[in-house]
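Structure assessment
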Amino acid sequence: LSFSDVNYKSKMSLTEMADIYFSCAGKDKDQIRQTKVHVEKAGYTAWWDLDKAHTGANADLLLHEAAQAIDACHIFICCLSKDYLNSALAAKEVKLAGYWGKCIIPVKVGPLPLNAAGQEEWPPNHEIAPHLRKLFCVDLTDPKNYSVRIRELLSRLEKDLRPGPAGERGVASEKAMSVEEMQPDDVCQLLAKLFIPQDKIERFIANGVSGKDLLDFSDDDLKGEDLQLTAIQVKKLRKELQKLLNPIQPPRLQLPVAAAPAAAHDAAASSASQVAVENSLAILARNKEKGDPEQIVAALRACVQDARVQVEGMQVIRNLVWGKAEEQNAVAAAGGIESVITGMCAHRDNMDVQEMGCSALGNLAWSNSAIQLRISELGGIEEIIRATQTHVKSGGCMQKCTLALGNLACHSANQVKIAQQNGIQLVLNALAEHPGHPLCIQYCCWALKNLCLNAENKIKIVRANGHRQIVQALKNNHIHSGIVDEACQTLGKLAWGNQEHQNKIACEGGVEGIVAGMKSHPSRLNVSQQGALALGDLAWSNSGVQQRIGQGGGIQVTIAAMNRFVENAGCQQKCA
């Protein structure tokens, strides 16, 4: 149940799945069963697999059912305990929920590991911590407060699950809520997003602090004996409250619909104060190492019409946030997303600005579902789509555009939006335009792979002959391990559970392309794993393709991978 294993789509209809997925350890099921009953009595449907045997042939089926249930659910409840954190399957489920942009609600059902000071940490020191860091955990371990905490949980569910226009349930869209309307559980979520420690948030719960209270409290009240925030935490809270009271409108609403001609941009840039430009460039130069998000954003805002400042500032953001969730969140909190999008809007004809803007947004979105959604809300997808359409002749720009679209497509809502904006066809256009640009090809496959996590997008890609382009790219670039890796994953996802797609990919020579890629990189673990998995997806319930794989050397190359990586359980599982 890794990210590359989520191309399941069993015969079970997604519409039959539940509103809520309970992810829990088997040893905790008795504690959780009572919670599940409360949730179902409130009118929600809940899914778990703890009443089924996890052995023998049933184990693989349950893994696929679990993946399908996570994909179809609206709320993912992870039930935390020491046993849960020790479960490899549980960790994979949390990562998968984060990967698909699900609303995650953590609940504590048992003791958690202690740190050196003998205290429980939040989030726990564990690989799933990045997915929990900005969330408030509902503690169900105290019998005295159980009924109160259940009401808190049901209140969260009621706000996150609301009927749509046709009566169906879905995760509620984030609408602007006035601070005065915030209930205590809303305040808890706000504090969690600001990384206020769990023990401090518990104090706000105990005192029933509402949004109106936050506005009435003085700094001394917040730092007092009851709430005990630090001066820095109070400053962060005040700043966030100010944003909520005076929301910044998305930049796309403040700018002209049509891009100004390049000559007008040059004229506007030349009219900007040279002193301001030089000052901004100096600030950005200092922050290449220091990395103060507020200074970087201020420099970008001061010289929106100067392309040099925009390119430099976007590059600083790109480098600062890559692979670091804390820096991503800090830049987002400082208004970095809005600033990058504003700069792209102001310089739509400037390829350097577009390329660096897409690169910055892509790195901000990497493995961060909240920022992925925020970029979409602010019009970032539209700007990336526009850049992909305008600068399709540039392989470097297309590399950054498709990487950004691929990162954003890790969120299920963005998969739909990108397709609606003609993103699938634009990615395929970029793939056709740059057959000699390996990184562009690799990231085109990356974007298509994530887009086809949506069932309708899979059909759209094949109807547009995307499978043919991917197979051709794989055949022409089998010496590039990155392309082989991403192309195999994409073909596997397109093929899984769809005999028509399997046959079309096989007819284009997909089997032979995958085998050739695996043979070209025998020492590459990822290539061996993804190649074997793709062959398995092509072969699923399709005797014709099974025979073609056998005749094309697929069995031999898969067995060779198993022998080469005999100590790697993941490779053994995928090859088997």
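Residues numbered from 1 in each chain as written. Predicted model: local features only at pLDDT ≥ 70, side-chain atom pairs only at ≥ 80, totals over all residues. Heavy atoms only, no water.

Along the protein, the regular secondary structure elements total 33 helices and seven strands. A burial count over the protein gives 52% of its 576 residues as buried. Counting contacts in the protein only where the partners sit at least 6 residues apart, residues at least 24 apart contribute 73% of the total. (Helix = DSSP H or I, 4+ residues; strand = E, 2+ residues; numbered from the N terminus. Buried < 20%, exposed > 50% of the residue type's maximum accessible area, 1.4 Å probe, protein only. Contact = heavy atoms within 4.5 Å.)

This part is about a negative patch on the surface. On the surface, Asp220, Asp221, Glu225 and Asp226 cluster together into a negatively charged patch. For aspartate 226, the location among the structural elements is in the loop between helix H10 (219-223) and helix H11 (231-245). (Patch = residues over 30% accessible without salt bridge, like charges linked within 9 Å, V, L, I, M, F, W, Y side chains within 5 Å. Areas by Shrake-Rupley, 256 points an atom, 1.4 Å probe, with all protein chains shown as cover. Salt bridge = Lys/Arg side-chain N within 4 Å of Asp/Glu carboxyl O. Lys, Arg positive; Asp, Glu negative; His and termini not counted. Charge placed at Lys NZ, Arg CZ, Asp CG, Glu CD.)

According to the stated counting rule, one finds zero disulfides in the structure shown. The thiol sulfur of cysteine 103 is not disulfide-bonded, and the nearest other cysteine sulfur, from cysteine 73, lies at 9.2 Å. (Disulfide = S-S within 2.5 Å.)

This part covers the pairing of strand E4 (residues 103-108). Burial within E4 is extensive, with five of its six residues counted as buried. Where strand E3 (residues 75-80) and E4 come together, six bridges link them in parallel fashion. By the bridge assignment for E4, isoleucine 77 is matched with isoleucine 105. As paired strands, E4 and strand E5 (residues 138-139) are joined by two bridges and run parallel to one another. Bridge assignment links lysine 108 to a residue of E5, and that residue is aspartate 139. (Pairing = 2+ DSSP bridges.)

On to unusual backbone geometry, then. For glutamine 228, which is not glycine, the phi torsion reads 60° and is therefore positive. Along the chain, glutamine 228 falls in the loop between H10 and H11. The class of glutamine 228 is partly exposed, set by a relative accessible area of 32%. Non-glycine residue asparagine 465 carries a positive phi angle of around 65°. Inspection of the secondary structure assignment puts asparagine 465 in the loop between helix H25 (455-463) and helix H26 (466-476).

Okay, the nonpolar core next. Ile317, Leu361, Leu364 and Ile514 are the most contacted members of the largest nonpolar core, which has 91 residues in total. Isoleucine 317 has contacts with Ile296, Leu300, Val331, Val340, Ala360 and Leu364, leaving out every residue within four places of it along the chain. Counting residues in each nonpolar core, the second largest holds 33 residues, with Ala97, Leu112, Trp122 and Leu135 among its members. (Core = buried A, V, L, I, M, F, W, Y, C linked by side-chain atoms within 4.5 Å.)

Before going further, it helps to examine the packing of aromatic side chains. Per the counting criterion, the structure on display carries five aromatic pairs. Ring centres 5.6 Å apart and planes at 40° place the aromatic pair tryptophan 322 and tryptophan 366 in the tilted group. Here tryptophan 322, found in the loop between helix H15 (307-321) and helix H16 (325-333), pairs with tryptophan 366, found in the loop between helix H18 (351-365) and helix H19 (369-377); they are 44 residues apart in sequence, far enough to count as distant. By relative accessible area, tryptophan 322 is classed as partly exposed at 46%. Members of the aromatic cluster, joined through ring pairs, are Tyr21, Trp47 and Phe76. (Phe/Tyr/Trp six-rings, centres within 6.5 Å; stacked < 30°, edge-to-face > 60°.)

Turning next to the pattern of salt bridges. The full count for this structure, using the stated rule, is 20 salt bridges. For lysine 108, the salt bridge identified is with glutamate 120, shortest N-O distance 2.6 Å. With lysine 108 in strand E4 and glutamate 120 in the loop between E4 and helix H5 (129-132), the pair connects residues that are 12 residues apart, well separated along the chain. Overall, glutamate 120 belongs to the partly exposed group, its relative accessible area being 35%. A salt bridge links arginine 468 to glutamate 508; the nearest nitrogen and oxygen atoms lie 3.1 Å apart. Taken together, the residues arginine 468 in helix H26 and glutamate 508 in the loop between helix H28 (499-507) and helix H29 (510-520) connect sequence positions 40 residues apart. The structure contains a network of salt bridges with shared partners spanning Glu338, Arg374 and Glu377.

We now examine the environment of leucine 214. By secondary structure assignment, the location of leucine 214 is in helix H9 (residues 211-216). Judged by relative accessible area, leucine 214 falls into the buried class, the value being 0%. Sequence separation between leucine 214 and glutamate 180 is 34 residues, and the spatial gap between their C-alpha atoms is 8.7 Å. For leucine 214, the contacting residues outside a window of four places in its chain are Val187, Leu190, Phe204, Val209, Leu222, Leu237, Arg238 and Leu241.

The strand order across the open sheet built from five strands is E2-E1-E3-E4-E5, with neighbouring strands paired in parallel fashion. For this open sheet the edge positions go to strand E2 (46-47) and E5, each flanked by a neighbour on one side alone. Across the face of the sheet, helix H6 (residues 146-160) comes into contact with strand E1 (20-23), E3, E4 and E5 while running at roughly 175° to E4. (Axes fitted to C-alpha atoms, helices over the stretch in contact; angles between N-to-C directions.)

Attention now goes to the packing of helix H20 (residues 380-390) against helix H21 (residues 395-408). The interhelical angle for the contact between H20 and H21, taken along N-to-C directions, is 150°, at an axis separation of 9 Å. Considering their axes alone, H20 and H21 lie roughly antiparallel with respect to each other. Crossing geometry of H20 relative to H21 is assigned as left-handed. Here H20 contributes Ile381, Ile384, Ile385, Ala387 and Thr388 to the contact with H21, which in turn contributes Met398, Cys401, Ala404, Leu405 and Leu408. Across the contact of H20 with H21, the residue classes break down as nine nonpolar, one polar and no charged. (Parallel < 35°, antiparallel > 145°, perpendicular 65-115°, else oblique. Left-handed = near helix turned anticlockwise from the far one by under 90°. Nonpolar A, V, L, I, M, F, W, Y, C, P; charged D, E, K, R; others polar.)

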